[in-house]
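Residue-level listing of the chains:
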Amino acid sequence: MMKKSISASKASLVLFLCQMISALDVPLDSKLLEELSQPPTITQQSPKDYIVDPRENIVIQCEAKGKPPPSFSWTRNGTHFDIDKDAQVTMKPNSGTLVINIMNGGKAEAYEGVYQCTARNERGAAISNNIVIRPSRSPLWTKEKLEPNHVREGDSLVLHCRPPVGLPPPIIFWMDNAFQRLPQSERVSQGLNGDLYFSNVQPEDTREDYICYARFNHTQTIQQKQPISVKVFSTKPVTERQPILLTPTGSTSTKVELRGNVLLLECIAAGLPTPVIRWIKEGGELPANRTFFENFKKTLKIIDVSEADSGNYKCIARNILGSAHHVISVTVKAAPYWITAPRNLVLSPGEDGTLICRANGNPKPNISWLANGVPIAIAPEDPSRKVDGDTIIFSHVQERSSAVYQCNASNEYGYLLANAFVNVLAEPPRILTPANKLYQVIADSPALLDCAYFGSPKPEIEWFKGVKGSILRGDEYVFHDNGTLEIPVAQKDSTGTYTCVARNELGKIQNEVRLEVKDPTMIIKQPEYKVIQRYGQVSFECIIKHDFTLLPTVIWLKDNDELPDDERFLVGKDNLTIMNVTDKDDGTYTCIVNTTLDSVSASAVLTVVAAPPTPAIIYARPNPPFDLELTGQLERSVELSWIPGDENNSPITNFVIEYEDGLHEPGVWHYQTEVPGTQTTVQLKLSPYVNYSFRVIAVNEIGRSQPSEPSEQYLTKSANPDENPSNVQGIGSEPDNLVITWESLKGFQSNGPGLQYKVSWRQKDVDDEWTSVIVANVSKYIVSGTPTFVPYEIKVQALNDLGYAPEPSEVIGHSGEDLPMVAPGNVQVHVINSTLAKVHWDPVPLKSVRGHLQGYKVYYWKVQSLSRRSRRHVEKKILTFRGNKTFGMLPGLEPFSSYKLNVRVVNGKGEGPASPDKVFKTPEGVPSSPSFLKITNPTLDSLTLEWGSPTHPNGVLTSYILKFQPINNTHELGPLVEIRIPANESSLILKNLNYSTRYKFYFNAQTSVGSGSQITEEAVTIMDEVQPLYPRIRNVTTAAAETYANISWEYEGPDHANFYVEYGVAGSKEDWKKEIVNGSRSFFVLKGLTPGTAYKVRVGAEGLSGFRSSEDVFETGPAMASRQVDIATQGWFIGLMCAVALLILILLIVCFIRRNKGGKYPVKEKEDAHADPEIQPMKEDDGTFGEYSDAEDHKPLKKGSRTPSDRTVKKEDSDDSLVDYGEGVNGQFNEDGSFIGQYSGKKEKEPAEGNESSEAPSPVNAMNSFV
């Protein structure tokens, strides 16, 4: 009866303690933490046993935090240490860390002792451990006279080191005079005490330089013992000996080691042959994974020992003559260690709570309490406090009850000291969740609406729907302790505004959030299994239905990877089509539909088969395996076996094993492993906390079988998570926050229920503690109130109901960026030439960038042309210079113009302010070619030239340069005549020319910088008789669009000519491309051209001595966002052009007939007799004239000028040059002005555009001029 009452009272006490343990939780909100008062907490301190270097300053660390910030004091050897009275001792500002100046005259020995730090503010005092300061010592070796060791071969030998006693103990090693380590083996080895043991000596052991060295790591010094001499003498025969132990001596010994330390046991034996050492534990096994053998198995090492490792350990030394053994009795004691360390307690006035301090050790430690660093027995009374052994019980606390309590657990092997504060707070409610936060979920899925709060006393939380709705209650809602409202199955009518109200006796506050419930995304028509023969066509459908406010994206995968980069795969809006199917297309095709809130997928298998060679044998996929069985169930493995199905004339190559997790993803099958087709059992590795079902798929050359029936289910036990989230990042989305994201663990990776994440962060390079918060199974946490763009150390650790995953690695992130504050200064412009300038600027300070420096942008624009003084629409150009560049080049400027520019710095948020506009001017350049050159009014000895000024003068025009020379009947050029014309002229009449002579003209403009590009033209003075009509193609014109060009021309000559068009990229050395023109049309459309490309084109005729037109150059338009209608391919346009061409032809015939009514000129008969070469075509290769012929060496001239009917040559149509002709003249003029001699025949260097076939003045030519 007495026992029952005692048990009942214990149960009541446990229940009472559990109720009081539920103290107030303070959210890890940085802004909130800055505002709340808090007793001191020791955050950093020096180790208990602190050995210092006597040559350096002594730094005793003591750091603490609290609100208000704490003050610090010290005790030394139990009494107050007044640092103000010792000039060698200083305390760091805002810190309790002591710096004792040894390097300026102080002695470290004078400061040996026991130090303790106290951190105090108005809410209590925390104390540090007792820190024992001892300077390291590295004493010299005592001098001794060492006698040589004379040893008989085969005997044992021990060379004693006996190093001086240092602090800490030195590291011992043996070397020779050459500072080479002495080789060690099973026969010769060093003991734990530093002595050198020889199990038996050999003649090669004779030497005089066995030297023992002691290295004192703390002072980085090495001490050397006097060399020891060993001389081995031989006796024949050498006597073999059975083992005896050199150390330890006797048959038994004892060893005491502390829990958690490394246990080292040693046995070194003498004997010949050299004995072999073996270790056993009497009555048990050596602990696996913690046992290691060192020093050739002479040393037994057990790490992290515990009380269970106590017992008798036997070492056995054995050779062929016998054995010897020694038993070491090991006792494992334990310094105090925590079972339950006291934890900080935050209470509201009137609440109850407990501090629990439980420790264990061997012997069991004594527990004592202190309050604010004073033994609790003599501390000021607190009626709310009651001490009960290892527990302090608080009842109905008040704000004056705030204090810091210390728990001391000690025994003869050490002590533990822990600080835990009781902080009594009275705070009105606060809601930490942002106002009007929007939550979006898919229908029939859970919705979690946050209401993070704080208050003291702990506020009560109520939820309302709508502004004036009633309080939410009922089974359809779950109310979490952290304030979160959970709607387990959200429906469309759950959409709306929800209000969270937090109230306690000190106040009330509310916050609104919004919930939107979206329709789920569904695949209403899924892809289906297909079997297709090689080279066929197959299509998979994937028709979806989704919420109209969500934008879906559809992705197709093949075997869970991207589709091959092959034009045979055509992805449509609702389907995937594969053309010309091959064997490698065999596989599983998956349609994945993603929105911002959900994702669905569906798969189908494509099997590619060949047409069966004969109908007798039918090859098919194998039948599914059956009779699956699980055996050998363990926590992390199981054995699966099955029976294969029929292979259907194609051998099974392998089996694929898949699993389903019925706990986390029911109905979803995952790949587990695969085995060869000859294997029907497999050992499978498992993860904790997964409800496994398995199925098997057989595979042959034809394809995969249907899955087998699932196996029985097997639920593995829960465990701590094995891994942490991956891809942890910290990138601020706003200037005052840090968004921490990570990839959540998959369901089976959780290893147990209650998967959560511990998110920790602290500002980098700032002496600050980690701030941590535990969040639900999400993948993002936002830290608010951060400074703008500062680095943070971040780590995310997984945990579940069973514990934490391993410590995660840290990553570096940055809080949010803001726009740069400062514009670049000292902007300077250096004009290099008329089209290029270099701009310099000073970099902005990195602190003003307030983000990742991406580079600088230079905005520049033309203000006006200095030659025309006319302003135009300002089109700003932007050049971006990446990185921290401070200069850049501005290409493509227009000469003789005024420009402005400014510079801006760019970060990830955007652009900073612009620098003040900088004005600069470009110098003059050479002008462009004259806009046109027109030759009119031909007479027997004169021609009239008219021209247009350059479109781009690029400066002030100073003059025009006209050069011309005649072309005789053998296609040779006469002497070059040059005329300079004032810049204000626009026409010129050339007189005293030869009649019936072709002239070539070169015309260009000049500025003070130099001559611009020239325009060329040819013309003929008339003769007194009509010339016969000869075949020619002239007036080739182009109308270019984005990817095509309409080519038209005029033809003069016999009917039924077969035309062709040749074209190529301008300036390219590639062969001309040729297109045949159907019929006798005088136009053609070139298709498939590249946008924004310059092309050359010419027109030729077949069957008429193979002549061609001159070249024309045109440029296609830039690529446009939308395609334009190809007018040149419209039927109405073609018909209109045909009608215009027919009308022109009729008009020419009428004019020709009317002209012929005037009769023949006297010269005509002379020309008929001499076959005037002026009307013959030019050869292509050498630029000479020749007769019409089909021979290859009489091809038409390749290049020429396009001469429209008005004799006008536009600037872009003229790129011909004949400069070299002016340098190769070997002839001269007669007194009457006629030309004799010949030209050297040099090729033209400057490209010519024009009709290079001679153009004698015929009635048709005259008509062309008229028209």
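In this text, all values refer to a predicted model and were calculated from it rather than measured experimentally. (Residues numbered from 1 in each chain as written. Predicted model: local features only at pLDDT ≥ 70, side-chain atom pairs only at ≥ 80, totals over all residues. Heavy atoms only, no water.)

**Q** Help me understand the state of the cysteines, please; the structure alone is not making it clear to me.
**A** For the structure shown, the criterion picks out 6 disulfides. A disulfide bridge connects Cys62 with Cys117, and the sulfur atoms are separated by 2.0 Å. Between Cys62 and Cys117 the disulfide shows an S-S torsion of about -70°. By sign, it is left-handed. Of this pair, Cys62 sits in strand S4 (residues 62-67) while Cys117 sits in strand S9 (residues 113-121), placing them 55 residues apart in sequence. Taking the relative accessible area as the measure of exposure, Cys62 reaches 0% and is therefore buried. Take Cys117: its relative accessible area is 0%, and that puts it in the buried class. (Disulfide = S-S within 2.5 Å. Helix = DSSP H or I, 4+ residues; strand = E, 2+ residues; numbered from the N terminus. Buried < 20%, exposed > 50% of the residue type's maximum accessible area, 1.4 Å probe, protein only.)

**Q** Help me understand the environment of Pro725, please; the structure alone is not making it clear to me.
**A** Examined against the element boundaries, Pro725 turns out to sit in the loop between strand S63 (714-715) and strand S64 (726-731). Taking the C-alpha atoms as reference points, Pro725 and Lys746, 21 residues apart in sequence, are found 9.4 Å from one another. What Pro725 contacts, discounting residues up to four positions off in sequence, is Trp742, Glu743, Leu745, Tyr757, Val796 and Ala798. (Contact = heavy atoms within 4.5 Å.)

**Q** Explain the sheet that holds strand S15 (residues 188-190) to me, please; I cannot follow it from the model alone.
**A** Each strand in a sheet pairs with its neighbour through backbone hydrogen bonds, running either in the same direction (parallel) or in the opposite one (antiparallel). In spatial order, the strands read S13-S16-S15; together these 3 strands make up an open sheet with antiparallel pairing. Sheet topology places strand S13 (157-159) and S15 at the edges, where each strand pairs with a single neighbour. On average, each strand axis in the sheet is inclined to that of its neighbour by 15°, with strand direction left out of account. As paired elements, S13 and strand S16 (residues 196-198) share 3 bridges and run antiparallel to each other. (Pairing = 2+ DSSP bridges. Axes fitted to C-alpha atoms, helices over the stretch in contact; angles between N-to-C directions.)

**Q** Sorry, what's going on with the nonpolar core here?
**A** The tendency in soluble globular proteins is for nonpolar side chains to be buried side by side. Within the largest apolar cluster, 29 residues are counted, with the highest numbers of intra-cluster contacts made by Ile58, Ile60, Trp74, Ile100, Tyr115 and Ile133. For this core, the secondary structure elements donating two or more residues are strand S2 (49-52), strand S3 (58-60), S4, strand S5 (71-76), strand S8 (98-100), S9 and strand S11 (131-135). Residue contributions to this core peak at 3 residues, all from S9. Not counting the four nearest positions on each side in its chain, Trp74 is found in contact with Ile60, Gln61, Cys62, Thr79, His80, Phe81, Met91, Gly96, Leu98, Tyr115, Gln116 and Cys117. (Core = buried A, V, L, I, M, F, W, Y, C linked by side-chain atoms within 4.5 Å.)

**Q** I keep staring at a nonpolar patch on the surface and nothing clicks. Help me out?
**A** Together, Leu1142, Leu1145, Ile1146, Ile1149, Val1150, Phe1152 and Ile1153 give the surface a local cluster of nonpolar side chains, amounting to about 610 Å² of exposed area. Along the chain, Phe1152 turns up in helix H4 (residues 1131-1156). For Phe1152, a relative accessible area of 30% gives the class partly exposed. (Patch = residues over 30% accessible without salt bridge, like charges linked within 9 Å, V, L, I, M, F, W, Y side chains within 5 Å. Areas by Shrake-Rupley, 256 points an atom, 1.4 Å probe, with all protein chains shown as cover. Salt bridge = Lys/Arg side-chain N within 4 Å of Asp/Glu carboxyl O.)

**Q** Explanation requested: the side chain of Asp598 in the structure shown.
**A** Note on placement: Asp598 falls in the loop between strand S55 (587-594) and strand S56 (599-609). Nearest to the buried, unbridged Asp598 among oppositely charged side chains is Lys518, at 11 Å. Within the structure, Asp598 has its side chain in polar contact with the backbone nitrogen of Thr521 (distance 2.9 Å). Among the polar contacts listed, one links the side chain of Asp598 to the side chain of Thr595, at a separation of 2.4 Å. With sequence-adjacent residues up to four places away left out, Asp598 is seen in contact with Ile442, Pro520, Thr521 and Val593. (Lys, Arg positive; Asp, Glu negative; His and termini not counted. Polar contact = N/O pair within 3.5 Å; in protein donor to acceptor, adjacent residues only side chain to side chain.)

**Q** Whenever I open this one, the confidence of the model for the protein confuses me. Can you help?
**A** Low pLDDT means the predicted coordinates in that region are not meant to be read closely. This prediction gives the protein a mean pLDDT of 83; 84% of its residues lie at or above 70. In this model, residues 1121-1125 is a region of pLDDT below 50 whose contacts with residues beyond four sequence positions or in other chains number 3 contacts. Note on residues 1158-1267: pLDDT is under 50 here. Beyond four places in sequence and across chains, it has 297 contacts. (pLDDT = per-residue confidence, 0-100.)

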